[in-house]
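Listed here are the chains, written in short residue letters.
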Amino acid sequence: MTPLHVWLGLFALALGSPTGHIYTINATQLVAGQVLDSPYPYQFPLLQNGSLSNSGQFPMPLCNGFKLEEATIDQLQQAMADGILTSFQIVLCYMQRVYQTDEYLDAVMELNPDLFEIANALDLERKQGNVRGPLHGIPFLVKDNIATKDKMETTAGSWMLLGSVVPRDAHVVHRLRESGAVLMGHATLSEWADMRSNSYSEGYSARGGQARSPYNLTQNPGGSSSGSGGAVAANLVPFALGTETDGSVINPAERNALVGIKPTVGLTSRSGVIPESHNQDTVGCLTKTVRDGAYCLDGIYGIDARDNYTLVQQAPAGGFAQYLCGKDALKGAKFGLPWLSFWQLASSEQQEQLLELIDLIESAGATIINGTELPTWQTIVSPDGWDWDYGGTRGYANESEYTVVKVDFYNDIAAYLADLNNTDIRSLEDIIQYNIDNVGSEGGIPGIHPAFKSGQDGFNASLATGGVMDETYWQALEFCHRTTREEGIDAALYNNGTQLTALLVPPDVGQTYQIAAQAGYPMVTLPAGIGSETGMPFGLALMGTAWSESTLIKYASAIEDLQLTSGTKYKRTSPQWLDYRSKNIPIN
């Protein structure tokens, strides 16, 4: 393996050392550094026998003597403060991790060609005594539907937007750059964030291929922020941004043993984000710890004149990290379990594991109240899995989330495309025609492409609306808001006069985040258990009312502290890389 000091020397010669150190490299070192004398265990998993022959792990080598694997943002900051690491070194080690593993994962769509110059400049700032905050020098990825005004492409995973030029950074990216974070690249995703098709392979895009989970490379990795989840879980990057219309932050987070923070619609700007629905879209964070998630959220929330939903946000002065706390905060908390609404839909194995964790939470001083149902659950919660057209399934288009999303997408995507330069894709009609003309790669016709079984039926359904906000649209929007808000989550939280701290729900049941999505309300998921048959993780989530992120982060951090200090096995565990030798093909 190439010694780190050799790489540092080469980059220092090219960019100039941020520390002023003079690196010297001779020809013998350079030649020797190109030969991999010890391929195990860091570059290739050691081949095992029998039933384990397709399973292995990709342990992460030390970074200048520092254990980067599973490192938190605070630990990285301390290492930089102590002079053990620079941002430049951290970025280099994470990039080596990408090269080590991403041939298997397909989590990274594109690396930022400027990342070393950015890290170098931030190291110089640190040397001069200017540390912008907890994200200074910390690398991150963004989902490929979040615009970056740099040398990278923003394409939603589709070839048709390749070469298009965005007018500016997405607001959330601009905020992170101001915070001193290092944009490492774009993450893969489900193409067009799952809007294009209703029967598709989660995590697949024409440009990015099939994103996979490091826990089991043959299973659904969660989406549509699939690459964001896989990259953080596999230690390719400390944190990543995802977007959610209905589950696309919470689902990949909980299926990769991560913390996922899905904010209230309007807390984070959608300006510069390839849209689905202005009524439900939000930008959130995927991290390994709640503290890291709070730092991420603090780095992206805020008012943006280009997104009027942010103008009414209710955010605390000083951000959300101030609410982080330990397990003692659980004393006196009141959590509700909406059993009939959601819990009964979870598998028996998940119920068993999650209820053990809930018993632990109760033993720490919290009150657990079962049966805190959403009064409307029998009408709005599908008994047959996630279904964003459940109103239509019941025969009532004017009670369907999908009625709203179809219309919103037609209008919102046209507005986004109008701002692009250097592209001839200007409308949903253009998108659909491109997918037909390039059916071999984009699967615009059903039954042609294995990743897009239903072709582009989602796009076609949106096209059929013409973007008209008719009476059915407004009735559906009113119904979804009312039945998930005041007659749904808020009523469950009130619990007949007993105000609850939050609802605890099993987020592997997709109807949980679906109801929160329709309401526009926040959720935070925590790593919890592992499925015995698949090796895939699942989480425990906190659900709250609008603008309750401070409460959710407070109690999520308290539960996490309890997990880490109690000895329970129900917490984040390392990826097992099951079936890592399997061919990377669409998963479903």
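Look up a bit, the structure's there.
Just so we're clear, the structure is a prediction, and the values are computed from it rather than from any experiment.

A. Representation of empty space enclosed by the protein. Under the defined criterion, the tally for this structure stands at four cavities of 30 Å³ or more. Computed from the structure, the largest cavity encloses a volume of approximately 90 Å³. Taken together, 14 residues make up the lining of the largest cavity; nearest its centre are Ile380, Tyr390, Gly391, Glu399 and Gln518. Counting residues per element, the ones that place at least two in the lining of the largest cavity are α11 (377–380), α12 (390–393), α17 (471–494) and α18 (510–519).

B. Region of interest: the pattern of salt bridges. Scanning all chains against the criterion turns up 15 salt bridges. Among the ionic pairs, arginine 572 bridges to glutamate 70, the shortest N-O distance being 2.7 Å. In this pair, arginine 572 is assigned in the segment after α19 (549–566) and glutamate 70 in the loop between α2 (27–32) and α3 (73–81), connecting sequence segments 502 residues apart. Among the ionic pairs, aspartate 150 bridges to arginine 177, the shortest N-O distance being 3.1 Å. Pair noted here: aspartate 150 is in the loop between β2 (139–143) and α6 (171–178) and arginine 177 is in helix α6, with a separation of 27 residues, a long-range link. The exposure class of aspartate 150 is partly exposed, given its relative accessible area of 24%. What makes arginine 177 partly exposed here is its relative accessible area of 25%. Connected via shared salt-bridge partners are Glu110, Asp144 and Arg207.

C. Highlighting α6. Along α6, the residues that are buried comprise His171, Val172, Val173, Arg175 and Leu176. Of the surrounding elements, those touching the buried residues of α6 are β2, β3 (182–187), β6 (239–244), β8 (282–287) and α9 (290–300). Phi turns positive, to about 90°, at glycine 180, one or two residues after α6.

D. Representation of the state of the cysteines within the structure. Considering all chains together, one arrives at two disulfides under this definition. Each sulfur in the disulfide pair cysteine 63 and cysteine 93 lies 2.2 Å from the other. Judged by the torsion about the S-S bond (85°), the cysteine 63/cysteine 93 disulfide is right-handed. With cysteine 63 in the loop between α2 and α3 and cysteine 93 in helix α4 (residues 87–105), this residue pair connects regions lying 30 residues apart in the sequence. We classify cysteine 63 as buried; its relative accessible area is 0%. For cysteine 93, a relative accessible area of 8% translates into the label buried. Within the chain, bonded cysteines paired by disulfides and numbered along the sequence follow the pattern 1-2, 3-4. Here cysteine 325 is not disulfide-linked; the sulfur of cysteine 285 is the nearest cysteine sulfur, at 18 Å.

Cut-offs and rules
Residues numbered from 1 in each chain as written. Predicted model: local features only at pLDDT ≥ 70, side-chain atom pairs only at ≥ 80, totals over all residues. Heavy atoms only, no water. 1 Å grid on protein atoms, 1.4 Å probe; cavity = no way out; pocket = protein on both sides within 12 Å on 5 of 7 lines; lining within 4 Å. Points joined across faces, edges and corners; volume = space filled by probe spheres on them. Helix = DSSP H or I, 4+ residues; strand = E, 2+ residues; numbered from the N terminus. Salt bridge = Lys/Arg side-chain N within 4 Å of Asp/Glu carboxyl O. Buried < 20%, exposed > 50% of the residue type's maximum accessible area, 1.4 Å probe, protein only. Contact = heavy atoms within 4.5 Å. Disulfide = S-S within 2.5 Å.

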